[in-house]
Amino acid sequence: MKYPFISAAEAASSIRHGDTVGIGGFSSVGTPKAVPAALAEHAGAMHREGKEFKVGLITGGATGNQVDSALALADAVSFRTPFQSNKDMRNSINAGEVQYFDLHLSQIGQDVRYGFLGKVNVAIAEASDITDEGEIIPSTSVGITPTLLQVADKIIIELNEAHSGKLAGMHDIYVPAMPPHRTEIPIYKVNDRIGTPSVKIDPSKVVGVVRTNERDRIAAFTPLNETTVRIGHNVAEFLCSEWKRGAIPQEFLPLQSGVGNIANAVLGALGDNPALPAFSMFTEVIQNSVIDLMAKGRIRFVAGSSLTLSDDHLDMMYDDIDTFRSRVLLRPQEITNHPELIRRMGIIAVNTALEADIFGNVNSTHVSGCKMMNGIGGSGDFARNAFLSIFTTPSTAKGGLISSIVPQVSHVDSTEHDVRILVTEQGVADLRGKSPSQRARCIIENCAHPDYRQLLWDYLKLSEGHSCHTPMSLKNAFKMHIAFAETGDMRNTKFE
Ligand code: 0RQ
């Protein structure tokens, strides 16, 4: 071993109050585990001595409990970017204790290299192996780890022996050059390899290597229900009819699928639809359903940034690793989500909305316009640049008290210009080539829940006819949200 072995506590003690710490990992996997926990303990000890201790936290995406819960509960984070999906971190963000900024996931790596977020003092990254030359083979995700290792002053490596010897050869590491010297990214097909299988680092920066032997703990998905099954079916039927009429090429196009329960259900429905040909995926997160569909021969190849798999699915892969190694590529999120590549290869993107308005603007992040849920993730990267950008949502939330179709979203993540198709369990709204008032009719008719349809027609009627392009009533646009805030039920809305 080229680098010294140290304990997690020794590693954590090299981190100072005020440091910006870059922690590797993506979509809750491939994140370091021992050092963040030790860092939380170190912060707690400093606080008990009456000393200040907070760090800025930059990650690739979601990091799981070992990082976000531990550090949020220890009150050890000053700022956080770009994506989280952890209850404790979410509470700290919404309480104003952590300054959080939400960014498209394709941008965070380059923002770090551009110096937009200041200096990164320490990078902590999980490796599955370290080569004899001292190069790092990442574990189950790549995220922005290559960038963090490149820019940080100090490097701490967690060598996770639970993955050692399994993942070598599955990574394709490529970091674009700095403008104005950047050239095209030479990926023309999903399975083109352009990078290296490991990350080269400067040995003089390495503080030490901490040994671990622990898998990531992936939360179980909520079982499919009637609503998610219907949404999946509607997406699959829509894509099938587009394919049959020749709007999607015969060999089909690569697919991106978002995170969460609904995305998992949609992918399952697409894969199991016998009318559709087997397809490839160009996505960020490789979820359980992808491995199931690969085993059935329905997905030919997948490129993503993380293997966000439960233990049984990771075992399935490890048991047949040679086959999977030839059909799975793990790349930095800057590449998996790159606008140039998404547009070039004609990706079909399917992401989830919290709410959508009758014009097709989508809110993926903020409950009632103010409370952060997770972050925009890669949904914006894909939605803007996709061949077809589809958003899905159940037509209601919280047992029908909330309509997910509203006159005006309370926060905008993907604009009406980026949303081509909206799907709920009620049906499909194809927004292509439609004006705002045509879109409003199409969405109310096809996507709104019957309990809310008349309310939305009423809104449209009183907003139209005062010589404007987009039928909108400033007085009434948020009345449904206000009714929920005041009475706990959007059905109590009274328009003026
Ligand atoms: O709350 O858990 O308390 O019941 O929101 O909703 O229906 O379980 O949906 O798990 O698929 O997540 C948009 C959050 C959906 C996710 C979002 C409440 C609802 C529930 C979750 P409870 P569901 P999902 C690429 C793509 C952004 C990032 C992204 C997400 C909870 O998909 O984070 O797209 N997307 N990345 O009850 C109030 C509403 C609501 C609502 C739902 N209108 N108002 N609450 N909920 N609608 C991948 C990456 O970026 C890595």
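Being a predicted model, the structure only gives us computed values, none of them experimental.

**Observations concerning the overall build of the chain**
So, step 1. From N to C terminus, the chain includes 17 helices and 25 strands.
So, step 2. Structurally, the chain occupies a C-alpha span of about 70 × 55 × 45 Å along its principal axes.
So, step 3. In the chain, the proportion of contacts linking residues at least 24 apart, taken out of those at least 6 apart, comes to 72%.
So, step 4. For the chain, the exposed area adds up to about 19100 Å²; of that, 51% sits on carbon and sulfur atoms.
So, step 5. The positive charge centre, built from 46 side chains, and the negative charge centre, built from 55, are 3 Å apart in the chain.

**Here we look at the packing of helix H7 (residues 226-244) against helix H8 (residues 261-272)**
So, step 1. Look at H7 against H8: their axes get within 8 Å of each other, and the N-to-C directions meet at 50°. Taken together, H7 and H8 sit at an angle that is classed as oblique. Like other packed secondary-structure pairs, H7 and H8 cross with a definite hand, here right-handed. Here Thr 228, Ile 231, Gly 232, His 233, Val 235, Ala 236 and Leu 239 of H7 lie close against H8, whose contacting residues are Ile 262, Ala 265, Val 266, Ala 269 and Leu 270.
So, step 2. Its residues assigned to classes, the contact of H7 with H8 comprises nine nonpolar, three polar and no charged.

**Topic: the confidence of the model for the chain**
So, step 1. Mean pLDDT for the chain: 96, with 100% of residues reaching 70 or above.
So, step 2. What the predictor reports for the complex is a pTM of 0.96 with an ipTM of 0.97.

**A word on the sheet that holds strand S17 (residues 362-363)**
So, step 1. Across the sheet, three strands lie side by side as S17-S16-S23; this open sheet has mixed pairing. Among the strands making up the open sheet, the edge pair consists of S17 and strand S23 (405-406).
So, step 2. Pairing of strand S16 (residues 355-357) with S17 involves two bridges; the strand directions are antiparallel. What sits directly across from Glu 355, in S17, is Asn 363.

**Focus: the UniProt feature "domain: Acetyl-CoA hydrolase/transferase C-terminal" (unreviewed entry) in the chain**
So, step 1. In the UniProt entry, the feature "domain: Acetyl-CoA hydrolase/transferase C-terminal" (unreviewed entry) is given for residues 317-458.
So, step 2. Here residues 317-458 is 32% helix and 24% strand, with 53 Å between the C-alpha atoms at its ends.

**What to know about the site of the ligand**
So, step 1. By nearness alone, 25 residues border the ligand, and Glu 284, Leu 354, Asn 374, Gly 378 and Lys 398 come closest of all.
So, step 2. Within the side chain of Asn 261, an N or O atom sits 3.3 Å from an oxygen atom of the ligand.
So, step 3. Ile 262 has a polar backbone atom sitting 3.3 Å from an oxygen atom of the ligand.
So, step 4. Taken by itself the ligand offers 1000 Å² of open surface, and the protein chains cover 78% of this.
So, step 5. When contributions to the shell around the ligand are tallied by element, the ones reaching two or more residues are H8 and strand S15 (348-352).

**Here we look at helix H9 (residues 288-295)**
So, step 1. Burial analysis of H9 places six of its eight residues in the buried class, which makes it a mostly covered element.
So, step 2. Along H9, the residues that are buried comprise Asn 288, Ser 289, Val 290, Ile 291, Leu 293 and Met 294.
So, step 3. Remark: Gly 297 follows H9 within two positions and exhibits a positive phi of approximately 80°.

**Regarding the nonpolar core**
Here is a general trend for soluble globular proteins: nonpolar side chains tend to be buried in one another's company.
So, step 1. Ranked by size, the top nonpolar core spans 68 residues in total, and within it Ile 157, Leu 239 and Met 317 carry the most contacts.
So, step 2. Beyond its immediate chain neighbours, meaning those up to four positions away, Ile 157 contacts Tyr 3, Ala 125, Ala 127, Ile 130, Ile 136, Ile 201, Val 206, Gly 208, Val 209 and Val 210.
So, step 3. Core analysis: the second largest hydrophobic core is formed by 31 residues, Leu 57, Ile 93, Ile 156 and Met 372 among them.

**Some remarks on the packing of aromatic side chains**
So, step 1. All chains considered together, the criterion is met by four aromatic pairs.
So, step 2. The interplanar angle of 20° and the centroid separation of 5.8 Å between the aromatic rings of Phe 79 and Phe 101 together place this pair among those described as stacked. Taken together, the positions of Phe 79 in strand S3 (residues 77-81) and Phe 101 in the loop between strand S4 (99-100) and helix H5 (108-114) put the pair 22 residues apart, joining distant regions of the chain.
So, step 3. Judged by relative accessible area, which is 31%, Phe 101 ranks as partly exposed.
So, step 4. Ring centres of Phe 252 and Phe 279 lie 6.2 Å apart, and the angle between their planes is 45°; on these two criteria the pair is classed as tilted. Pair noted here: Phe 252 is in the loop between H7 and strand S9 (255-257) and Phe 279 is in strand S10 (residues 279-282), with a separation of 27 residues, a long-range link. When sorted by exposure, Phe 252 lands in the same class as Phe 279, which is buried.
So, step 5. Positioned over the ring face of Tyr 318 is Lys 166, at 5.3 Å from the centre of the ring.

**Here we look at the UniProt feature "domain: Acetyl-CoA hydrolase/transferase N-terminal" (unreviewed entry) in the chain**
So, step 1. Under the UniProt annotation, the feature "domain: Acetyl-CoA hydrolase/transferase N-terminal" (unreviewed entry) is placed at residues 6-210.
So, step 2. Taken end to end, residues 6-210 comprises 23% helix and 20% strand; its first and last C-alpha atoms sit 5 Å apart.

**Remarks on the pairing of strand S8 (residues 206-212)**
So, step 1. Counting buried positions over the seven residues of S8 gives five, a clear majority of the element.
So, step 2. Of the pairings in the sheet, the one linking strand S7 (residues 154-160) to S8 comprises six bridges and is parallel in character. Its bridge partner being in S8, Ile 156 is matched across the sheet by Gly 208.

**Here we look at the packing of H9 against helix H10 (residues 311-319)**
So, step 1. Where H9 contacts H10, the axes come no closer than 10 Å and their chain directions differ by 40°. Judged on the interaxial angle alone, H10 and H9 are oblique. When you trace H9 past H10, the crossing you get is left-handed. Two secondary-structure elements touch here, H9 through Asn 288, Ile 291, Asp 292 and Ala 295 and H10 through His 313, Met 316 and Met 317.
So, step 2. Residue composition of the contact of H9 with H10, by class: four nonpolar, two polar and one charged.

**Some words on the side chain of Asn 86**
So, step 1. Relative to the helices and strands, Asn 86 resides in the loop between S3 and helix H4 (87-94).
So, step 2. A polar side-chain atom of Asn 86 sits 3.0 Å from a polar atom in the side chain of Asn 65.
So, step 3. Among the polar contacts listed, one links the side chain of Asn 86 to the side chain of Ser 69, at a separation of 3.1 Å.
So, step 4. Discounting residues that sit within four places of it in the chain, Asn 86 has contacts with Gly 64, Asn 65, Asp 68 and Ser 69.

Conventions we followed
- Residues numbered from 1 in each chain as written.
- Predicted model: local features only at pLDDT ≥ 70, side-chain atom pairs only at ≥ 80, totals over all residues.
- Heavy atoms only, no water.
- Helix = DSSP H or I, 4+ residues; strand = E, 2+ residues; numbered from the N terminus.
- Contact = heavy atoms within 4.5 Å.
- Areas by Shrake-Rupley, 256 points an atom, 1.4 Å probe, with all protein chains shown as cover.
- Lys, Arg positive; Asp, Glu negative; His and termini not counted.
- Charge placed at Lys NZ, Arg CZ, Asp CG, Glu CD.
- Axes fitted to C-alpha atoms, helices over the stretch in contact; angles between N-to-C directions.
- Parallel < 35°, antiparallel > 145°, perpendicular 65-115°, else oblique.
- Left-handed = near helix turned anticlockwise from the far one by under 90°.
- Nonpolar A, V, L, I, M, F, W, Y, C, P; charged D, E, K, R; others polar.
- pLDDT = per-residue confidence, 0-100.
- Pairing = 2+ DSSP bridges.
- UniProt positions renumbered as here; feature names shortened; annotations may be inferred.
- Near = heavy atom within 4 Å.
- Polar contact = N/O pair within 3.5 Å; in protein donor to acceptor, adjacent residues only side chain to side chain.
- Buried < 20%, exposed > 50% of the residue type's maximum accessible area, 1.4 Å probe, protein only.
- Core = buried A, V, L, I, M, F, W, Y, C linked by side-chain atoms within 4.5 Å.
- Phe/Tyr/Trp six-rings, centres within 6.5 Å; stacked < 30°, edge-to-face > 60°.
- Lys NZ or Arg CZ within 6 Å of the ring centre and 35° of its normal.

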